[in-house]
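Single-letter residue listing:
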Amino acid sequence: MEINKKDLLPLSFLKKSPYTGSFQGIRYRIEKQEEGECKLLLVYTWPEPYAFSHTPEEEKEKKSFPFSEKGLEEIRLYLSSLGNE
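These numbers were taken from a predicted model, which means no experiment stands behind them.

**Some words on the overall build of the protein chain**
Counting its regular elements, the protein chain contains two helices and four strands. Ordered by position from N to C terminus, the α and β elements of the protein chain give α-β-β-β-β-α. The C-alpha radius of gyration of the protein chain comes to 12 Å, within 12% of the 12 Å expected for a compact globule of 85 residues. Oriented by its inertia axes, the alpha-carbon framework of the protein chain measures out at about 35 × 30 × 20 Å. With 85 residues in all, the protein chain has 35% of them scored as buried.

**Some points on the pattern of salt bridges**
Under the counting rule described, the total for this entry stands at six salt bridges. Among the ionic pairs, Glu34 bridges to Lys32, the shortest N-O distance being 2.8 Å. Among the residues examined, Lys32 registers a relative accessible area of 26% and is labelled partly exposed. The salt bridge partner of Arg76 is Glu73, with a shortest N-O separation of 2.8 Å. Taken as a pair, Arg76 and Glu73 lie in helix H2 (residues 69–83) at a separation of three residues, close to a single helical turn.

**Things to note about the packing of aromatic side chains**
Using the criterion set out here, one finds four aromatic pairs in the structure. Centre to centre, the rings of Tyr44 and Phe52 are 5.2 Å apart; their planes meet at 70 degrees, and the pair counts as edge-to-face. A relative accessible area of 15% places Tyr44 in the buried class. An aromatic cluster is present here, built from Tyr44, Trp46 and Phe52 joined pairwise through their rings. The cationic tip of Arg29 hangs over the ring face of Phe52; the distance from NZ or CZ to the ring centre is 4.7 Å. It is Lys32 that lies over the ring of Phe67; its NZ or CZ is 5.9 Å from the centre.

Reading the values: the criteria
- Residues numbered from 1 in each chain as written.
- Predicted model: local features only at pLDDT ≥ 70, side-chain atom pairs only at ≥ 80, totals over all residues.
- Heavy atoms only, no water.
- Helix = DSSP H or I, 4+ residues; strand = E, 2+ residues; numbered from the N terminus.
- Rg over C-alpha atoms; globule rule 2.2 N^0.38 Å.
- Buried < 20%, exposed > 50% of the residue type's maximum accessible area, 1.4 Å probe, protein only.
- Salt bridge = Lys/Arg side-chain N within 4 Å of Asp/Glu carboxyl O.
- Phe/Tyr/Trp six-rings, centres within 6.5 Å; stacked < 30°, edge-to-face > 60°.
- Lys NZ or Arg CZ within 6 Å of the ring centre and 35° of its normal.

Nothing here speaks to function; it is geometry throughout.
Given below as structure tokens:
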């Protein structure tokens, strides 16, 4: 089983607000980060059941991807692979 492209919100949404979801026991948060002129998508993952703000930092993993449609596809594949572990 994997995450479908329609399950992730478009870049136009992610420009303005973080997006959270869950997939097969893993919770995730996708947010935009700007470093100078470089735009990235940061993905935090952590085990269920707690929300991002209630999960200890040491239980969260962070990974960055390009802020692009290709980056969003890489995120989809990355999250899908976590759910299959």
